[in-house]
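Here are the chains, one letter per residue:
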Amino acid sequence: RFRKIIIVKEFVVYRMDLLSRVKYPRERLLRLVKASDGNVVLDLDYNMEGRGVYVLKDEEQIKKTFQKKRLSKIVPQSQEKALMEEMIEYVKRGN
């Protein structure tokens, strides 16, 4: 007459931050994807095609990532400032 207790563990996806190389839950990271036209896009739904890089959702981490040129291989120099501002605005909105 014992009840069987079933514990369901939630599946959490972890990804590595580009700057610190530490794994975080995917929801704490921003994903950047290089689109087929060559532009780098912020992937807010985590489902765009292509290889993505992840950056922690923290204003200081985003600035350090751009200062240390960690995104220089995928982000054209002409697009760096606009992309950084877009990422910081997204983080400030609390998403």
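So, here is what we can say about the structure in this document.

Conventions adopted
- Within every chain, residues take consecutive numbers counted from 1 along the sequence as written.
- The model is predicted, so local features are restricted to residues of pLDDT at least 70 and side-chain atom pairs to those at 80 or more, both for listing and for counting; the totals for chains, interfaces and linings are taken over all residues.
- To get the side-chain values, all heavy atoms of the structure are used, and hydrogens and water are removed first.
- The helix count covers DSSP runs of H or I at least four residues long, the strand count covers runs of E at least two residues long, and both are numbered beginning at the N terminus.
- We compute the radius of gyration over the C-alpha atoms and compare it with the globule rule, which gives 2.2 Å times the number of residues raised to the power 0.38.
- Residues belong to a common nonpolar core when they are buried Ala, Val, Leu, Ile, Met, Phe, Trp, Tyr or Cys residues joined through side-chain atoms within 4.5 Å.
- The rule is simple: take the accessible area with a 1.4 Å probe, protein chains only, and divide by the maximum for that residue type; under 20% is buried, over 50% is exposed, in between is partly exposed.
- Should any heavy atoms of two residues lie within 4.5 Å, those residues are considered in contact.
- Strand pairing is assigned whenever DSSP identifies at least 2 bridges connecting the two strands.
- Here the axes come from fitting lines to C-alpha atoms, over the contacting stretch only for helices, and the angles between their N-to-C directions go from 0 to 180 degrees.
- Take the number of residues in a helix, subtract one, and multiply by 1.5 Å to get its expected span.
- The directions from the helix axis to the C-beta atoms form the arc being described.

### So, the overall build of the protein
Within the protein, the secondary structure is distributed over 2 helices and 5 strands. Order of helices (α) and strands (β) in the protein, N terminus to C terminus: β-β-β-β-β-α-α. Here the C-alpha radius of gyration of the protein, 17 Å, is well above what a compact globule of 95 residues would show, namely 12 Å. Across its three principal directions, the C-alpha atoms of the protein cover 70 × 30 × 25 Å.

### Quick notes on the nonpolar core
Membership of the largest hydrophobic core comes to 15 residues, with the highest contact counts inside it found for Leu30, Leu32, Ile62, Leu83 and Met87. Elements that contribute at least two residues to this core include exactly strand 3 (29–34), strand 4 (40–43), helix 1 (59–67) and helix 2 (77–92). Discounting residues that sit within four places of it in the chain, Leu32 has contacts with Val40, Val41, Leu42, Arg51, Gly52, Val53, Val55, Leu71, Leu83 and Met87. By size, the runner-up hydrophobic cluster in this structure holds 5 residues, among which are Tyr24, Leu29, Tyr46 and Leu56.

### Some thoughts on the sheet that holds strand 4
Read from one edge to the other, the open sheet built from 3 strands follows the order 4-3-5, with strand pairing classed as antiparallel. One side of each edge strand has no neighbouring strand; the edge strands of this open sheet are strand 4 and strand 5 (52–56). Neighbouring strand axes in the sheet, compared pairwise and without regard to direction, differ in orientation by 30 degrees on average. In this sheet, strand 5 lies alongside strand 3 in antiparallel orientation, the contact comprising 5 bridges. When the bridges of strand 5 are listed, Arg31 appears paired with Tyr54.

### Description of helix 2
Each α-helix turn comprises 3.6 residues. Residues three or four places apart therefore point the same way. Here helix 2 contains 16 residues, and its C-alpha end-to-end distance of 24 Å stays within 8% of the 22 Å for a straight helix at 1.5 Å per residue. What helix 2 keeps buried is the set Gln79, Glu80, Leu83, Met87, Ile88, Tyr90 and Val91. Along helix 2, the residues classed as buried sweep out an arc of 160 degrees about the axis, all on the same side. Pointing more than 90 degrees away from the buried face of helix 2 are the exposed residues Ser78, Lys81 and Lys92. The inward-facing, buried residues of helix 2 contact strand 3, strand 4, strand 5 and helix 1. Gly94 sits one or two residues past helix 2 and shows a positive phi near 90 degrees.

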